[in-house]
Amino acid sequence: PRRPAPPPSAKPAPPAPSAAEISELNADRRDVQAALAALPPKQRAALDLAYYGGYTQQEIAAHLAVPLGTVKSQTFDALQRLRHVLWTTSERGPA
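Residues numbered from 1 in each chain as written. Predicted model: local features only at pLDDT ≥ 70, side-chain atom pairs only at ≥ 80, totals over all residues. Heavy atoms only, no water.

A.B. asks: Help me get a handle on the overall build of the chain, residues and values and all.
C.D. replies: Each helix and strand counted, the chain has 4 helices and 0 strands in total. Traced from its N-terminal end to its C-terminal end, the chain shows the element sequence α-α-α-α. Here the C-alpha radius of gyration of the chain, 20 Å, is well above what a compact globule of 95 residues would show, namely 12 Å. Scored against the burial criterion, the 95 residues of the chain give a buried share of 16%. Taking all contacts inside the chain whose residues are at least 6 apart in sequence as the whole, residues at least 24 apart take part in 53%. Summed over its atoms, the accessible surface of the chain is roughly 7600 Å², and 60% of this surface lies on carbon and sulfur atoms. Treating the 11 positive side-chain charges of the chain as one cloud and the 8 negative ones as another, the clouds have centres 7 Å apart. (Helix = DSSP H or I, 4+ residues; strand = E, 2+ residues; numbered from the N terminus. Rg over C-alpha atoms; globule rule 2.2 N^0.38 Å. Buried < 20%, exposed > 50% of the residue type's maximum accessible area, 1.4 Å probe, protein only. Contact = heavy atoms within 4.5 Å. Areas by Shrake-Rupley, 256 points an atom, 1.4 Å probe, with all protein chains shown as cover. Lys, Arg positive; Asp, Glu negative; His and termini not counted. Charge placed at Lys NZ, Arg CZ, Asp CG, Glu CD.)

Structural data, given as structure tokens:
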């Protein structure tokens with residue numbers, strides 16, 4: 001039997017990344033992982049919960065038993081530190 005045609009609104013799948021693109025993505029991933037590992041534990045915990053756990057800043061404050069302002073400061077400081085480290089390790093600079 002013949003497969004049904006995709007609906008007219010369906011977009012074709014994007015092309016697979018090239019070997020060079022995969023290599024660059026892997027290098028970027030290693031840079032980010034190294035930068036995250038270099039963060040102070042409290043800053044890393046705040047980012048982990050926010051970006052990987054999907055928690056709000058209020059939820060992070062409750063989970064870590066710290067004031068909301070502390071979470072905001074730790075998150076801000078961590079992002080600034082990551083930006084600096086990744087900027088200096090990248091030839092491209094920030095996107």
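That was the structure; now back to the text.
A.B. asks: I'd love a proper account of the nonpolar core, names of residues and values included.
C.D. replies: The biggest cluster of nonpolar side chains holds 6 residues, and these are Ala35, Leu36, Leu39, Leu47, Ala78 and Leu82. Elements with a minimum of two residues in this core: helix H1 (19-38) and helix H4 (68-89). Sequence-distant contacts of Ala35, defined by excluding residues within four places in its chain, comprise Leu82, Val85 and Leu86. (Core = buried A, V, L, I, M, F, W, Y, C linked by side-chain atoms within 4.5 Å.)

A.B. asks: An account of the packing of helix H2 (residues 41-52) against H4 is needed here, citing residue identities and associated values.
C.D. replies: Where H2 meets H4, the axes come as close as 8 Å, and the angle between the chain directions of the two elements is 95°. Put simply, H2 runs roughly perpendicular to H4. The segment H2 lies against H4, with Lys42, Gln43, Ala46, Leu47 and Tyr51 engaging Gln74, Thr75, Asp77, Ala78, Leu79, Arg81 and Leu82. Of the residues in the contact of H2 with H4, the class split is 6 nonpolar, 3 polar and 3 charged. (Axes fitted to C-alpha atoms, helices over the stretch in contact; angles between N-to-C directions. Parallel < 35°, antiparallel > 145°, perpendicular 65-115°, else oblique. Nonpolar A, V, L, I, M, F, W, Y, C, P; charged D, E, K, R; others polar.)

A.B. asks: So what's going on with the environment of Gln43? Which residues, and what values?
C.D. replies: Its location among the elements puts Gln43 in helix H2. Residue class for Gln43 comes out buried when judged on its relative accessible area of 10%. Distance from Gln43 to Trp87, taken between C-alpha atoms, is 19 Å for residues 44 residues apart in sequence. Once residues within four sequence positions are removed from consideration, Gln43 is found in contact with Gln74, Asp77, Ala78 and Arg81.

A.B. asks: Explain the confidence of the model for the chain to me, using residue names and the numbers behind them.
C.D. replies: Per-residue confidence for the chain gives a mean pLDDT of 89; residues scoring 70 or more make up 92%. Confidence scores differ between elements of the chain, with H1 showing the lowest mean pLDDT of 92 and helix H3 (residues 57-64) the highest of 97. (pLDDT = per-residue confidence, 0-100.)

A.B. asks: Requested: an account of unusual backbone geometry, with residues and values cited.
C.D. replies: Glycine aside, a negative phi is what most residues show, and trans is what most peptide bonds show. The residue Ala65 is not glycine, and still its phi comes out positive at about 55°. Mapped onto the secondary structure, Ala65 falls in the loop between H3 and H4.

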